[in-house]
Amino acid sequence: MNRRRFLRILLASLLASLPASAAAPPKGTIRSIEVTALTRQKAFLFVRTTLPRAARGATQKFRGETTAWGAPVPLVQPVKVAVQPSANGFDVVFLAEIDLAAVPKAIVERGSPVTLPVTLKGTLAGEAGTAATVDAAGALRPGTADLVAHRELADGFVRFAGSRISGLGLAETKGEARLAVFNPFRFDVSLRGLRYELASGGRVVARGSRQGVIVRPSRENEIALPLTVSNAAALAAAGKAVTSGGRLSGRLTGEIVLKLGTGDVKLPIAASGTIEVLR
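Within every chain, residues take consecutive numbers counted from 1 along the sequence as written. It should be noted that, the model being predicted, local features are given only for residues of pLDDT at least 70 and side-chain atom pairs only at 80 or more, the latter also being counted only at that level, while totals for whole chains, interfaces and linings use all residues. As a rule here, side-chain values come from all non-hydrogen atoms in the structure, and water together with hydrogens is ignored.

Looking at the pattern of salt bridges
To be explicit about the condition: For salt bridges, the criterion is a side-chain nitrogen of Lys or Arg within 4 Å of an Asp or Glu carboxyl oxygen. Secondary structure is summarised from DSSP: a helix means a run of H or I of at least four residues, a strand means a run of E of at least two, and numbering begins at the N terminus for each. Categorising residues by exposure relies on relative accessible area from a 1.4 Å probe, with only protein chains included: less than 20% of the type maximum marks a residue as buried, more than 50% marks it as exposed, and the intermediate range marks it as partly exposed.
One pass over the full model with this rule turns up 13 salt bridges. Two residues, Arg 31 and Asp 91, come together in a salt bridge whose shortest N-O distance is 3.5 Å. Taken together, the positions of Arg 31 in strand S1 (residues 28–38) and Asp 91 in strand S6 (residues 89–99) put the pair 60 residues apart, joining distant regions of the chain. For Arg 31, a relative accessible area of 35% corresponds to the partly exposed category. When the shortest N-O distance is used, the salt bridge between Glu 34 and Arg 48 registers 3.3 Å. Of this pair, Glu 34 sits in strand S1 while Arg 48 sits in strand S2 (residues 42–51), placing them 14 residues apart in sequence. We classify Arg 48 as partly exposed; its relative accessible area is 26%.

And the structure:
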């Protein structure tokens with residue numbers, strides 16, 4: 001065996017004998033995300049992670065970068081962090097705040113209803129000037145405990161702006177509802193479609209659907225929703241409306257289908273408003 005070949009074999013053996021941690025330090029895991037509050041300007045999240053190391057102290061601060069689907073997430077810096085030692089290192093909860101107006105369009109263009117890949121990279125700052133590097137990742141599954149967002153959080157973004165039913169007793173009864181949808185982003189959002197029902201007094205009065213709607217950025221958009229009216233139910237509603245000045249309380253329920261890069265997400269509609277009944 002010549003000298004050069006012997007040195008190559010010796011070097012390969014030495015590298016193979018090194019502990020795995022010397023070549024690749026252990027990374028952290030993002031276990032789950034919970035949306036705790038949502039306004040028209042900001043989203044507030046608990047990002048629960050397990051990290052191999054942390055700075056000193058139960059309360060720390062994080063500065064760094066976050067991505068979702070490979071696109072940057074605009075976290076308000078610095079991020080408050082709660083730290084607790086655990087058997088696997090440290091349980092670390094990031095109390096994150098996202099500026100919705102700064103969310104890039106790539107989040108929607110690359111989004112998937114099946115999985116949410118996320119990363120956190122930066123530095124934790126703790127007591128007495130201590131610090132620790134953060135490098136964590138996770139692949140969260142929407143619709144599971146991995147990703148929690150309660151239905152009522154969307155109430156501030158969707159409003160039932162009233163409806164009208166006319167032509168009762170004629171060959172054709174007409175109806176239209178109006179749904180106001182607020183788009184907090186700085187780009188257009190495409191809705192694949194909407195499906196909905198209009199009810200009053202626990203009885204369905206009308207149904208309908210609409211396809212292909214563009215929601216314009218940074219404002220509330222009023223969307224007209226055509227209704228297919230059930231004459232029997234509408235006539236019953238008209239009888240009640242006579243004693244209430246032609247107006248009834250109603251409830252619009254259904255779903256909005258939001259178009260993402262690799263699939264669609266269904267968002268629930270559940271809002272109360274007024275039904276105007278005209279003969």
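Side note on the packing of aromatic side chains
Rules: When the centres of two rings from Phe, Tyr and Trp lie within 6.5 Å, Trp using its six-membered ring, the rings pair. Their planes under 30 degrees apart give stacked, over 60 give edge-to-face, and anything left gives tilted.
Throughout the structure, instances matching the rule amount to three aromatic pairs. Taking the centre distance of 5.2 Å and the plane angle of 90 degrees together, the rings of Phe 62 and Phe 94 count as edge-to-face. Pair noted here: Phe 62 is in strand S3 (residues 59–68) and Phe 94 is in strand S6, with a separation of 32 residues, a long-range link. In this pair, the class of Phe 62 matches that of Phe 94, namely buried.

Some words on the sheet that holds strand S11 (residues 174–183)
The line we're drawing: Here, strands pair whenever DSSP counts at least two bridges between them. Angles run from 0 to 180 degrees between N-to-C directions of axes, and those axes are lines fitted to C-alpha atoms, restricted for helices to the stretch in contact.
Around the barrel, seven strands lie side by side as S10-S11-S14-S13-S12-S15-S16; this closed barrel has mixed pairing. Strand-to-strand twist in this sheet, taken as the mean axis angle between neighbours without regard to direction, amounts to 25 degrees. Sheet analysis places strand S12 (residues 189–200) next to strand S15 (residues 247–259), joined by eight bridges and oriented antiparallel. Within the sheet, the bridge partner assigned to Arg 195 lies in S15 and is Glu 255.

Examining the environment of Pro 104
Counted only if it meets this: In this description, contact between two residues means that some pair of their heavy atoms is separated by no more than 4.5 Å.
By the element assignment, Pro 104 lies in the loop between S6 and helix H3 (106–110). When the C-alpha atoms of Pro 104 and Arg 186 are compared, they prove to be 8.2 Å apart, with 82 residues separating the residues in sequence. Non-local contacts of Pro 104, meaning those with residues more than four positions away in its chain, are made with Pro 72, Pro 74 and Phe 187.

Re the nonpolar core
Which entries qualify depends on this criterion: Grouping buried Ala, Val, Leu, Ile, Met, Phe, Trp, Tyr and Cys residues that are joined through side-chain atoms within 4.5 Å yields what is termed a nonpolar core.
Counting residues in each nonpolar core, the largest one holds 66 residues, and the members touching the most others are Phe 94, Leu 124, Leu 179, Leu 191, Leu 194 and Leu 252. Sequence-distant contacts of Leu 252, defined by excluding residues within four places in its chain, comprise Phe 160, Ala 177, Leu 179, Tyr 196, Glu 197, Leu 198, Leu 225, Ile 269, Ala 270 and Ala 271.

With respect to the pairing of strand S16 (residues 264–277)
In this structure, strand S10 (residues 158–166) lies alongside S16, joined through three bridges in parallel fashion. Bridged to Arg 164 within S16 is Glu 276. One ladder, built from 13 bridges, connects S15 with S16; its direction is antiparallel. If you follow Glu 255 over to S16, its bridge partner there is Pro 268. Connecting S15 to the antiparallel partner S16 that follows it, the hairpin turn spans four residues.

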